[in-house]
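# Structure assessment
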Amino acid sequence: MSRIETVKKSGPVIERRSIDFVPHGERHGKPFGQFTLWFGANMQITAIVTGALAVIFGSDAFWGIIGLFIGNILGGTVMALHAAQGPKLGMPQMISSRAQFGVFGAVIPLVLVIIMYLGFAATGAVLAGQAVGQIIPTGHPAVGVIIFGALTVLVATLGYKYIHALGRISTIVGILGFSYLAVQLFLKHDVVAVLGVGGFAFPTFLLAISLSAGWQLTYGPYVADYSRYLPANTPAGRTFLSCFSGSVLGAQWSMTLGALFAAIAMPKGHEFLDGQVAFVGELSGGGAIAILLYLVVVVGKLTVNTLNAYGGYMTILTSVSAFTRQLRFAPWVRFAYVIGFIAVSVIIAIAASADFISNFKNFVLLLLMVFIPWSSINLVDFWLVSKEKVDVPALYDPKGRYGAWNVPALLTYLLGVVVQVPFLAQSMYTGPITPLLGGADISWLVGLVVTAVVYYPVARKFQRPPAEMVYPIEETAAAEPVNSPSA
């Protein structure tokens, strides 16, 4: 019996791969695993809050739900196109962006990605901490946030296999819990009457689209991290559909509940604004049922927060490895990085709790401006310019095919960010064109289209993709012990 077989049969094993290429012999799983992971990751309280924001900031419930659906479709399409890269590349999402920006140049958007992970981990921990506090009365909100942070460290450290397992659990738990909430909502409130109030307003309709599109698009920088273990011959279409359907259906279900919660709560004195988790518990009927619903909240948030922690760890290592050339890291390194990452997010969560709703809305919209150009460049290059052909070893070599810095790509990225500024509609800044559109924020759409249109001819001129997919030699990696301590 081989060393690999012995380890597999001996019990749970901490994932040994990090930012290095996953050899074909270690590939496993089916595309449906993408559905359960992303469905479960979206069946959670922060998605409910995102849906509620559409109503809280002025949209009619009915048109807000329609806008959220359109945004989920648009953003989910971009997000799932990133996921479809995973099986072919066999590496983390942000490593692959070195093919567009260069080995060193890719670090620039990487820094922004790390900030994104911290922001989402922190804002998610606020709500999860509230749920933990309802289950285990501690007398202080910070205690619930810290407990939740410790759970996140545990799953993120175990790695890929356990993250997918948590996604399956979250899918089942989310369907049961959110179905119960939907039934209670219709039994206790006149939902039809709420949907009939108000009318169509174009600016708030676009805001709803932007909120859900931003929700989906911010998964882009790490979504392929969770499809990279799929066999390389997995059809891209199946990976795309599994990820797309899971993410869009899960998010739309949650956001629809959030929009209805906010529409019902607002006339009563903004109960949902004052305590989103407590509102869920009250709707459930209290008692033991409420405790179970709080557990649903914790499981859903644990799933997506683990993605943030795991993705944050991978992104930090990707940045470091650009300069150190180190590709393999021992499990204890993941543990150390994850603890540091979660510790920072917990501190942010505790400090930012008071003004959570407003800060979260601005955070999501700001991320759109930063990550839309990155997604546009990455997708145009992979699908249209390189045509799914990448020199994998060169992604780790600043003197290789992709070089250290890709100045044309970086300048296009900068243009994609700057061109959005006149169209922004945020509390911190409103662009000069925004008032002409009735206050609607279309910056994300402008950034997506302009970046793609500019980058395609630039890439056709400057990029030199390989004629065929180039993989690293795998014999050495396959022969190594599974628990190799190399770091």
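Along each chain, residues carry numbers from 1 onward, in the same order as the chain's sequence is written. With pLDDT at 70 or above as the cut-off, local features in this predicted model cover only qualifying residues; side-chain atom pairs require 80 or more to be listed or tallied, and sums for whole chains, interfaces and linings still use all residues. Values shown for side chains rest on all heavy atoms present in the structure; no hydrogens or waters enter the calculation.

## Examining the overall build of the protein chain
- Scanning the protein chain for helices and strands turns up 21 helices and zero strands.
- Its C-alpha atoms give the protein chain a radius of gyration of 22 Å, near enough to 23 Å, the size a compact globule of 487 residues would have.
- Across the protein chain, the fraction of contacts at a sequence separation of at least 24, relative to all contacts at a separation of at least 6, is 88%.
- For the protein chain, the exposed area adds up to about 18300 Å²; of that, 72% sits on carbon and sulfur atoms.
- As used throughout, the charge tally considers Lys and Arg to be positive and Asp and Glu to be negative, leaving His and the chain termini uncounted. To locate a charge, the coordinates of NZ of Lys, CZ of Arg, CG of Asp or CD of Glu are taken. Of note, the protein chain has its 27 positive side-chain charges centred 8 Å away from the centre of its 20 negative side-chain charges. Under the DSSP-based scheme used, a helix requires at least four consecutive residues in state H or I and a strand at least two consecutive residues in state E, with every element numbered from the N terminus. Atoms considered for the radius of gyration are the C-alpha atoms alone. The globule rule reads 2.2 Å times the number of residues to the power 0.38. Note on definitions: a residue-residue contact is assigned when non-hydrogen atoms from the two residues lie within 4.5 Å. Calculation of accessible area relied on Shrake-Rupley with a 1.4 Å probe; when residues are assessed, cover is drawn exclusively from the protein chains displayed.

## Focus on the environment of Ala 83
- Tracing the backbone shows Ala 83 in helix α4 (residues 61-83).
- Along the chain, Ala 83 and Tyr 222 lie 139 residues apart, while their C-alpha atoms are 8.4 Å from each other.
- Excluding anything up to four places from it in sequence, Ala 83 contacts Val 223, Ala 224, Ser 227, Thr 239 and Cys 243.

## Let's talk about the packing of helix α10 (residues 160-188) against helix α13 (residues 236-265)
- It is the contact of α10 with α13, at a shortest axis distance of 11 Å, that shows an interaxial angle of 30°. With respect to each other, α10 and α13 are oriented roughly parallel. For α10 against α13, the interelement crossing comes out left-handed. Contact with α10, carried on its side by Ile 175, Phe 178, Ser 179, Leu 181, Ala 182 and Leu 185, involves Trp 253, Ser 254, Leu 257, Leu 260, Phe 261 and Ile 264 of α13 and no other residues of that element.
- Of the residues in the contact of α10 with α13, the class split is 10 nonpolar, two polar and no charged. Between N-to-C directions, angles span 0 to 180 degrees; the directions come from axes that are lines fitted to C-alpha atoms, helices contributing only their stretch in contact. Orientation categories follow fixed angle ranges, with anything under 35 degrees roughly parallel, anything over 145 roughly antiparallel, 65 to 115 roughly perpendicular, and all other angles oblique. It is the rotation of the near helix from the far one that decides the hand of a crossing: anticlockwise by less than a right angle makes it left-handed, clockwise makes it right-handed. Three classes are used: nonpolar for Ala, Val, Leu, Ile, Met, Phe, Trp, Tyr, Cys and Pro, charged for Asp, Glu, Lys and Arg, and polar for all others, with Gly counted as polar.

## Description of the pattern of salt bridges
- A carboxyl oxygen of Asp or Glu within 4 Å of a side-chain nitrogen of Lys or Arg is what we treat as a salt bridge. Counted under the stated rule, the structure contains five salt bridges.
- In this structure, the salt-bridge partner of Arg 17 is Glu 26, at a minimum N-O distance of 2.7 Å.
- The rule is simple: take the accessible area with a 1.4 Å probe, protein chains only, and divide by the maximum for that residue type; under 20% is buried, over 50% is exposed, in between is partly exposed. The class of Arg 17 is buried, set by a relative accessible area of 2%.
- What you see here is one network of salt bridges that share partners, running through Arg 16, Arg 17, Asp 20 and Glu 26.

## Some details on helix α8 (residues 107-135)
- The span expected for a helix works out to 1.5 Å for each residue beyond the first. If you check α8, its first and last C-alpha atoms are 41 Å apart, about what 29 residues at 1.5 Å a residue would give, namely 42 Å.
- The quantity called bend is, for any residue, the angle between two axes fitted respectively to the seven residues ending at it and the seven beginning at it. A maximum bend of about 25° is found in α8 at Val 126.
- When you tally the buried positions in α8, you get 21 out of 29 residues, the bulk of the element.

## Comments concerning the side chain of Gln 216
- Mapped onto the secondary structure, Gln 216 falls in helix α12 (residues 202-217).
- Look at Gln 216 and you get buried, because its relative accessible area is 0%.
- Non-local contacts of Gln 216, meaning those with residues more than four positions away in its chain, are made with Asn 42, Asn 72, Gly 75, Gly 76, Met 79, Ser 247, Val 248 and Ala 251.

## Some remarks on empty space enclosed by the protein
- Each cavity reported here is a set of points on a 1 Å grid over the protein atoms alone in which a 1.4 Å probe fits but cannot get out, each pocket an open set with protein on both sides within 12 Å along at least five of seven lines, and each lining residue one with an atom within 4 Å of a point. Grid points are joined across faces, edges and corners, and a volume is the space filled by probe spheres set on the points. On inspection of all chains with the given rule, the structure shows three cavities of 30 Å³ or more.
- Its boundaries defined by the atoms lining it, the largest cavity holds a volume of some 110 Å³.
- Lining the largest cavity are Gln 44, Thr 46, Met 116, Tyr 117, Phe 120, Trp 215, Thr 218, Tyr 219, Tyr 222, Lys 301, Val 304 and Asn 308.
- Along the lines of polarity and charge, the residues of the lining of the largest cavity split into seven nonpolar, four polar and one charged.

## Quick word on the environment of Leu 367
- Mapped onto the secondary structure, Leu 367 falls in helix α18 (residues 356-385).
- For Leu 367, a relative accessible area of 6% gives the class buried.
- Between the C-alpha atom of Leu 367 and that of Gly 119, which follows or precedes it by 248 residues, the distance is 10.0 Å.
- Residues in contact with Leu 367, not counting those within four places in the same chain, are Met 116, Phe 120, Thr 218 and Ile 372.

## A few points about the nonpolar core
- Take the buried Ala, Val, Leu, Ile, Met, Phe, Trp, Tyr and Cys residues and link them wherever side-chain atoms come within 4.5 Å; each set so joined is a nonpolar core. Counting residues in each nonpolar core, the largest one holds 140 residues, and the members touching the most others are Trp 38, Tyr 226 and Phe 261.
- Core analysis: the next-biggest nonpolar cluster, separate from the first, contains 11 residues, Phe 205, Leu 217, Ile 372 and Ala 440 among them.

## A word on the confidence of the model for the protein chain
- Considering every residue of the protein chain, the mean pLDDT works out to 86; 90% of them sit at 70 or more.
- Across residues 1-12 the pLDDT falls below 50, and counting only partners more than four positions away or on other chains, this stretch makes 10 contacts in the model.
- In this model residues 475-487 is a low-confidence stretch, pLDDT under 50, and it forms 25 contacts with partners more than four residues away in sequence or in other chains. For every residue, the predictor states its confidence as a pLDDT score lying anywhere from 0 to 100.

## Digging into unusual backbone geometry
- Here the phi dihedral of Lys 387 falls at roughly 55°; this positive angle occurs in a residue that is not glycine.
- One can find Lys 387 in the loop between α18 and α19 (407-418).
- Even without glycine at this site, Glu 388 takes up a positive phi of about 70°.
- Relative to the elements of secondary structure, Glu 388 occurs in the loop between α18 and α19.

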